[in-house]
Structure formats: C-alpha cells, structure tokens
Amino acid sequence: MSDLLARHRAVIPNWVALYYNEPIEIVSGKGNRVVDAEGRTYLDFFAGILTNMIGYDVAEVREAVERQLRTGVVHTSTVYLLRGQVELAEKIARLSGIEDAKVFFTNSGTEANETALLLATYARKTDQVLAMRQSYHGRSFGAISVTSNRTWKNNSLSPLQVHFLHGADKHLSRFRDLSDADYIKVCVEDLRHLLATATSKDVAALIAEPIQGVGGFTMAPDGLFAAYKEVLDEEGIYFISDEVQTGWGRTGQSFFGIQNHGVTPDMMTFAKGLGNGFAVGGVVARGELLDALHAVGLSTFGGNPISMAAANATLDYVLDHDLQANAAKTGEIIIGGLKAAAGRFPILADVRGKGLMFAIELQDPATGEPSPQIAARMMEETKKGGLLAGKGGLYGNTLRMAPPLTLTVEEAHEGLGILLAALETVNEEVS
Ligand code: PLP
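Residues numbered from 1 in each chain as written. Predicted model: local features only at pLDDT ≥ 70, side-chain atom pairs only at ≥ 80, totals over all residues.

Per an unreviewed UniProt entry, the protein goes by the name alanine--glyoxylate transaminase and belongs to Bailinhaonella thermotolerans. Its UniProt record gives the protein the following Sequence similarities (unreviewed entry) comment, quoted word for word: "Belongs to the class-III pyridoxal-phosphate-dependent aminotransferase family." (UniProt positions renumbered as here; feature names shortened; annotations may be inferred.)

Set out below in structure tokens:
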C-alpha cells in the first residue's frame, strides 16, 4: 500500500469511493489526458467525474479565473450584485427552454436537488414526492431520500414520503419482452394506480435523471417522460429534471437531457461540468416557482465570483465550439464501434449511450448474471491500457464513460481501441 493510501485510509471515511486496486494520485492534466504521480498518462474517459467537461488546463477558463483573482475578490457574497452571476443566469435561463426562467446557484448537485425538492414541497404543501427506481440524486437528507440505488443510499432515514416509479429501463424479466410502447403503457398505468392508491394525490414532484448516472447510464425509452408528464400535468405535480450528468450537450442530441424527450420540465438541476472543475451547481425553474419561497436567503458560496468566472468561460467555450455536435460525432465512433464488436465478447451484456455518455455492462458468460467481478477486471485492464473509466450500475457491473466534450476523433478511436483490447483480454481470461 502506498504511503498516501495508508494516510488516506487513516483519516478519510472508508465509504468514500476509491477506484482501482492501487488507487492513483493525479498530479496534472492537459487536454483530455491526466498524469499520475508515477508519471503514467491516461486518456480520461470519465472527465474527472463528469466535472472536467472541456478537458484540463483550458486557457480560456484559466484566464477568466486569473482575471477574477487579480481583482482581489475571491468572494464577497450575493448580498451585493455579482455581474458574473447575472450573466451566467441569463445564459442558462435562455438555454433551459423554460418560460420566464430564473436561476439559483448552489455549490453542488446535491444542494441543487435539495433546493428543487424544497421549492416543490413548499409550493404544494406536501411531503410526498415521486422518484425513479435506480436513481441517484445526492447525499443530503432530501436528495438521498429520492435516491433509490441501495449502493449509494445506505439505510438513511427519509424526511419525505417517496414513491419510486418504474421506467428507467426494462430490467425486470416481465418487462423485457415488451415493446417500448407497451412498456410505457404499463409504466403509466402503474403511475396512475400508485397516485390513486398509495398517495392522497397531493404529490409535490417527480424527480428524474433523463439518463441515470450512477444507476449505470440506463435510458428510459423515448416517450416515457412525455407520457409521465401528461399525468403529472393533470394532477398539478411538478417535474424536476436532474441534469447533473446529462446537461450542456453531453448527450449530443440536445443541450439538456430531458429535451431529448420533448419535455419541458418545471425545474432543472445542474452541477458537475459547468465550472470545468470549479464547484458550481444550481436550479433553473419558472420564475414564479423560484420566487414563491417566502424567505430571505442566500447560499454563502453559491454563485461566488470565482465559480461564476469559470462557469461563464466554460459555457461560452461549449457554445462557441459547438461541443454538442462534437459529442454526437465522437460518441457515435465509440458507441458504434463497441456495438459492432459486441458479438465477439460473451462477457458483454449491453452497450448503450448517447453522445459522450456511454456504458458497457458486464456479465458472467456462463450464467448471463451481472458480474461486478468482471467489471472490476475491466476497470484494471482499461487502466493498464491507459484509459480511466467510471464504475456503476444497479449491480456494480457497469463501466460508465463520459469523456470531456472536447474529445477528438483520434482520441475517440484510441479510446475505442483500448476498450476493445481490454474486452479481448478479459473475455479470454474468463471463457
Ligand atoms: N444528481 C446526479 C444525477 C448525480 O450524478 C450526482 C452526483 O454524482 C448528484 C446529483 C449529486 O451531485 P454532487 O455530488 O455535486 O452533490
């Protein structure tokens, strides 16, 4: 065990996730690559943790932050006007597609979801909410209550009455053979039944990830969220789209993940990539909804000048370089390449994704059962090949990948090559 790992184990809680048998210390980064303390370079197919959305050491972000630092103002607070905050809110409100939108800035995705849940339950005067099975929404009391995935949830007590819906994917055997249209019908019937029998109908909101993140990049069938939204509208229930992983063009198809489904939510929450590593999150919602909290408030560090400088520069970069289109193009190389090769690898249970948000699911080739062990081997093997990925999935048997949106065509081919070589090796080992 390295000295740093031993010191980590002594002072950091043991439930804090650490990847790899020999966890690495990343000491520098440039473009879409990082370097560890041993001098090994990796193509970062996890973008930090979807945080380094436009890669490492980006001059535009560095210069924007340095300019702000040179003013001497790292932080004042939102009790004074902050130009960067207003400018960023204007851009996000416009991109959200939500009518008369306003934005409240936080420091994390958890805090953003907590705020959205607070708004919805306050406006509807109820503690009942809906969420999706396999979901993950963060670590605070409210956010963990609407988290379904046991791996992340632990046994925390919930301050909310939460009802978890089907629809994230067809993982139950009785759903597997249904067409998307029939599956959506079953899900909607289930929602109506649940509202009629398990709730007193005064439900505040449904919170959902358009593509589930730690749940394993599972994708609801097209049309599911639109069908849910119809029911929610009938009942006056808000729709909160958690865009912490799916925002900013990552899916290649639209700027926010829920827009792929043709749905305009009442609120969207965001974080992770917007600051390209600097902590920034928030909620964008219809103004009347955000204004409805009758309390004076602020988040001390939410929307601070440094985060706003980084986020404005990052968002401008994404838009100026049309990185949504780049995500679609480079993502297709990798997803298409993996799908084309899938038949060669009995350990590969599924390849899925949109744009630069894609995953491979691993199974025991003999039994077809989900295999976290084979996923762990794939993590080690891809690392050996020089590529960093993320772990996840309902059974911990999924490699999740979400490279920076700046990934080049050459890097897409290089990453695909590393993934295929690792599949080849691990498949041979276990067959
Ligand atoms: N929502 C989703 C979909 C996430 O993936 C995460 C983090 O992984 C969160 C919320 C929580 O965000 P944070 O870790 O910034 O609090």
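This paragraph deals with the overall build of the protein. Each helix and strand counted, the protein has 15 helices and 15 strands in total. Taking the principal axes of the C-alpha coordinates as reference, the protein spans close to 60 × 60 × 45 Å. Expressed as a percentage of the 431 residues in the protein, the buried residues total 52%. (Helix = DSSP H or I, 4+ residues; strand = E, 2+ residues; numbered from the N terminus. Buried ≥ 20, exposed ≤ 12 C-beta atoms within 10 Å, placed from the backbone.)

Now for the sheet that holds strand β12 (residues 357-362). In space, the four strands of this open sheet follow the order β11-β12-β15-β14, with antiparallel pairing throughout. A strand with exactly one partner marks an edge of an open sheet, and here the two such strands are β11 (348-354) and β14 (390-392). Neighbouring strand axes in the sheet, compared pairwise and without regard to direction, differ in orientation by 25 degrees on average. For β14 and strand β15 (residues 398-401), the ladder comprises three bridges, and the chain directions are antiparallel. Note that in β15 the partner of G392 across the bridge is T398. Sheet strands touched by helix α14 (residues 372-385): β12, β14 and β15. Its angle to β15, the strand with the most contacts, is close to 40 degrees. (Pairing = 2+ DSSP bridges. Axes fitted to C-alpha atoms, helices over the stretch in contact; angles between N-to-C directions. Contact = placed C-beta atoms within 7 Å.)

Let us now look at the site of the ligand. Around the ligand sit 15 residues in total, of which S108, G109, T110, G213 and V244 are the nearest. Sort the elements by how many residues they give to the shell around the ligand and helix α5 (residues 109-124) lands first, with three residues. A breakdown of the residues in the shell around the ligand according to their chemical character gives four nonpolar, nine polar and two charged. (Near = placed C-beta within 6 Å. Nonpolar A, V, L, I, M, F, W, Y, C, P; charged D, E, K, R; others polar.)

So, on to the sheet that holds strand β2 (residues 33-36). In spatial order, the strands read β1-β2-β3-β13; together these four strands make up an open sheet with mixed pairing. Each having just a single partner strand, β1 (26-30) and β13 (387-388) make up the two edges of the open sheet. The pairing of β1 with β2 spans four bridges and is antiparallel. The residue bridging I26 from the neighbouring strand is D36, located in β2.

Looking now at the pairing of strand β8 (residues 238-242). Here β8 lies mainly inside the structure; five of its five residues are buried. Relative to β8, strand β7 (residues 205-208) runs parallel, the two being bridged by four bridges. Note on β8: the bridge partner recorded for L206 is F239. Handedness of the crossover is the feature at issue here: the chain leaves β7, passes through helix α10 (residues 224-235), returns alongside β8, and the resulting connection is right-handed. (Right-handed = clockwise from strand over helix to strand, strands pointing away.)

All right, on to the packing of helix α13 (residues 323-341) against helix α15 (residues 409-430) then. Contact pair α13 / α15: the axes reach a minimum separation of 9 Å and the direction vectors enclose 25 degrees. Comparing their axes, α15 and α13 come out roughly parallel. The element α13 and its partner α15 pack so that their crossing is right-handed. Between α13 and α15, the contacting residues are T330, I333, I334, G337, L338 and A341 on the first element and V409, A412, H413, G415, L416, L419 and L420 on the second. Here the contact of α13 with α15 is composed, by residue class, of nine nonpolar, four polar and no charged. (Parallel < 35°, antiparallel > 145°, perpendicular 65-115°, else oblique. Left-handed = near helix turned anticlockwise from the far one by under 90°.)

Moving on to unusual backbone geometry. Of note, the phi angle at Q134 is positive, near 75 degrees, even though the residue is not glycine. We classify Q134 as buried; it has 23 C-beta atoms within 10 Å. One non-glycine residue, K272, adopts positive backbone phi at about 40 degrees. Along the chain, K272 turns up in the loop between β9 (267-270) and β10 (281-286).

We now examine helix α12 (residues 305-320). Look at α12: 22 Å from first C-alpha to last across 16 residues, which is about the 22 Å you get at 1.5 Å a residue. Here α12 lies mainly inside the structure; 13 of its 16 residues are buried. (Expected span 1.5 Å × (residues − 1).)

Soluble globular proteins tend to pack their nonpolar side chains together in the buried interior. Core analysis: the biggest nonpolar cluster contains 124 residues, and A205, L206, I207 and M267 have the highest contact counts within it. Looking at this core, the element that brings in the most residues is α12, giving nine residues. Those residues in contact with I207 that sit more than four places away from it in its chain are N113, A116, L117, V129, A131, H137, V146, I240 and D242. (Core = buried A, V, L, I, M, F, W, Y, C linked by C-beta atoms within 7 Å.)

With that out of the way, let us pick up the environment of D320. Within the secondary structure, D320 is located in helix α12. Residue D320 is classed as exposed on the basis of its C-beta count, with 9 C-beta atoms lying within 10 Å. Each C-alpha atom, one on D320 and one on Y395, is 39 Å from the other, the two residues being 75 residues apart in sequence.

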